[in-house]
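Structural characterization, general
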Amino acid sequence: EPQSTDVDGEQKTVQGIMDVSPSSTMELLTLLPPPHQHGPIVIVSSYSDFSSLAHGPRGCEATRAMRTYRLNISDGSLTTLSLVAEGAMVNPAFLRRHPTLPVIYSCEESVSEDGVVRALKVDGMTGALHEHGLSQSAGGTSTCYLTIHKSGRRMLLVNYWCSTICTMALLSDGKLGSLLSIYDPKEGRRMNITADKHVNHSRNDAAAQAERQGDPHSHAIVLEPTMGMVAYVPDLGMDLIRQFFFDEESGKVTPCGTIISGMKTDGLRLGPRYLEFHSDLPVCYVVNELSSQVAVFHYDHSVAASIAQAFARATSEKEKTKIQLGCQPTLTLIQVVTTVPEAFPREMNTCGRVTIHPSGDFVVTSNRGHDSVAVHRIHRTSKPTGILTLAGIFHTRGQTPRHFQFDRSGQWLIVANQDSNTCAVFNFNCSTGQIGYTGNTYSCPSPNFVCVWGDN
């Protein structure tokens with residue numbers, strides 16, 4: 001047990017015979033590893049070929065399309081650890097952590113060629129990224145979102161430009177398996193818009209909206225959190241959330257209804273981009289990027305369970321077709337909130353990411369054009385549950401915050417400001433939802449996604 005002794009009239013504590021006087025404490029501190037050798041690894045991907053994208057960035061093309069940093073959790077600073085080789089990958093635009101292994105998955109965007117999905121092993125000591133097995137075709141163009149089923153055996157993905165929804169096998173070691181299924185919401189119809197030249201995504205006037213909503217555009221795929229058997233795909237082009245039954249064994253998604261993604265105001269279209277379920281509440285939050293709004297939906301688990309049970313009992317395609325026609329929506333709209341100040345022109349902004357803060361107490365959304373993040377407080381005991389009120393809107397110290405990510409503690413926020421070629425770090429007050437700039441901004445060409453790997 002520690003003992004208190006009096007030496008030369010001063011109190012100090014010893015552990016056995018170890019001296020922990022101020023001078024020896026300083027000596028011990030010098031033996032601690034430097035900040036870049038401990039703490040979470042931050043992985044940032046960048047666009048490297050603007051000509052093959054579905055939108056028109058204003059930043060600089062990256063020659064090395066992915067890099068890693070170490071986050072210092074004492075002051076929010078980042079230290080660059082590694083960069084992938086020049087030309088190693090083209091336009092990686094989304095990253096997903098494996099639930100248990102030191103592996104991340106990336107997908108690459110191209111409007112002219114099928115996307116590529118890669119598995120990358122993360123070296124926790126050095127931050128280096130290594131190819132983990134063979135890459136695989138994504139089964140469509142402009143691949144933009146990856147979801148891993150809770151079993152760890154399946155990866156679901158969507159291809160924004162052609163709108164296809166696919167499932168890929170995952171092997172036990174985290175390597176990619178084969179493509180299992182492809183579903184096309186267009187049912188083989190040709191696209192109305194050509195893949196020539198496209199607008200910057202902070203522009204949102206009538207012409208830009210017409211270009212982006214001329215066809216279906218699947219922008220994400222998210223599984224409901226309880227069973228993992230009902231999937232939701234925000235279709236930016238159609239102002240819909242598509243509802244599917246997901247069969248894990250076959251990887252097949254079967255359509256079972258659609259839900260309007262919010263409420264149209266001021267003549268603007270909605271443009272659903274992402275959605276996220278709350279971990280504790282029966283609530284789902286959808287960001288409509290064209291209307292600069294977050295829509296709050298009540299999630300009905302009993303309806304989702306009935307859909308899953310009905311499909312599980314079906315023994316023929318005829319029965320499945322009958323079930324499809326009779327499925328009820330599992331999401332019900334209960335509130336819509338704006339992500340930008342009321343008087344700010346909506347045609348000058350589109351939303352980027354929406355997420356729920358690790359505390360479960362806030363919804364955070366990025367604004368591309370207003371160049372900010374909006375923080376809304378979640379009211380757990382409201383009627384209905386999960387209603388939002390604004391906590392604040394905060395500038396991101398850069399242009400076009402396409403993506404952002406919190407560390408595990410929720411105290412540090414890293415923002416990818418795509419068009420100003422920077423990543424900025426902020427501190428987050430977990431009690432009030434207020435965001436403060438740390439003074440840490442780092443040059444990074446056309447950053448589009450932030451992934452935090454490792455525990456604090």
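Residues numbered from 1 in each chain as written. Predicted model: local features only at pLDDT ≥ 70, side-chain atom pairs only at ≥ 80, totals over all residues. Heavy atoms only, no water.

1. Re the overall build of the protein chain
- If you tally the helices and strands in the protein chain, you get four helices and 32 strands.
- In terms of overall dimensions, the protein chain is globule-like: its C-alpha atoms have a radius of gyration of 24 Å, near the 23 Å expected for 456 residues.
- Once the C-alpha set of the protein chain is aligned to its principal axes, its extents read approximately 90 × 50 × 50 Å.
- Taking the contacts inside the protein chain whose residues are at least 6 apart along the sequence as the reference set, 54% of them involve residues at least 24 apart.
- Within the structure as shown, the protein chain displays about 19,000 Å² of accessible surface, and the carbon and sulfur contribution to it stands at 53%. (Helix = DSSP H or I, 4+ residues; strand = E, 2+ residues; numbered from the N terminus. Rg over C-alpha atoms; globule rule 2.2 N^0.38 Å. Contact = heavy atoms within 4.5 Å. Areas by Shrake-Rupley, 256 points an atom, 1.4 Å probe, with all protein chains shown as cover.)

2. Digging into the pairing of strand β17 (residues 230–235)
- The buried count for β17 comes to six of six residues, which makes it a mostly enclosed element.
- Covered by surrounding structure in β17 are V230, Y232 and P234 together with A231, V233 and D235, the residues of both alternating faces.
- Joining the antiparallel neighbours strand β16 (residues 222–223) and β17 is a turn of six residues, in which G228 adopts a positive phi near 70°.
- Of the pairings in the sheet, the one linking β17 to strand β18 (residues 240–246) comprises six bridges and is antiparallel in character. Looking at β18, one finds that P234 is bridged to I241.
- Following β17, the chain reverses through four residues before pairing antiparallel with β18; D239 in that reversal takes a positive phi of roughly 60°. (Buried < 20%, exposed > 50% of the residue type's maximum accessible area, 1.4 Å probe, protein only. Pairing = 2+ DSSP bridges.)

3. Some words on the state of the cysteines
- According to the stated counting rule, one finds zero disulfides in the structure shown.
- With no disulfide of its own, C327 lies closest to C256 among cysteine sulfurs, the gap being 4.4 Å.
- C430 takes part in no disulfide bond, and the closest cysteine sulfur, belonging to C451, lies 19 Å away. (Disulfide = S-S within 2.5 Å.)

4. Description of the confidence of the model for the protein chain
- Per-residue pLDDT for the protein chain averages 91, and the proportion of residues at 70 or more is 92%.
- Counted against residues more than four places away or in other chains, residues 1–18, with its pLDDT under 50, gives 15 contacts. (pLDDT = per-residue confidence, 0-100.)

5. A closer look at the sheet that holds strand β29 (residues 412–417)
- On the basis of which strands lie adjacent, the open sheet formed by four strands has the order β28-β29-β30-β31 and antiparallel pairing. Every other strand in the sheet has two partners, leaving β28 (401–406) and β31 (435–443) as the edge strands with one partner each. Each strand axis lies, on average, 25° off the axis of its neighbour in the sheet, ignoring direction.
- Bridging between β29 and strand β30 (residues 422–428) involves six bridges; their strand directions are antiparallel. Of the residues in β30, the one forming a bridge with W412 is N427. (Axes fitted to C-alpha atoms, helices over the stretch in contact; angles between N-to-C directions.)

6. Some thoughts on the pattern of salt bridges
- Summed over the entire model, instances satisfying the criterion amount to 17 salt bridges.
- Two residues, E249 and R153, come together in a salt bridge whose shortest N-O distance is 3.8 Å. Of the two residues, E249 sits in the loop between β18 and β19 (253–260) while R153 sits in the loop between β12 (143–148) and β13 (154–159), which places them 96 residues apart along the sequence.
- A residue is classified by how much of its surface remains accessible, and E249, at 57% relative accessible area, is exposed.
- Given the relative accessible area of 31%, R153 is considered partly exposed.
- The residue D280 makes a salt bridge to R380 at a minimum N-O spacing of 3.5 Å. Highlighted residues: D280 in the loop between β20 (272–277) and β21 (283–288) and R380 in the loop between β26 (372–379) and β27 (387–395), separated in sequence by 100 residues. (Salt bridge = Lys/Arg side-chain N within 4 Å of Asp/Glu carboxyl O.)

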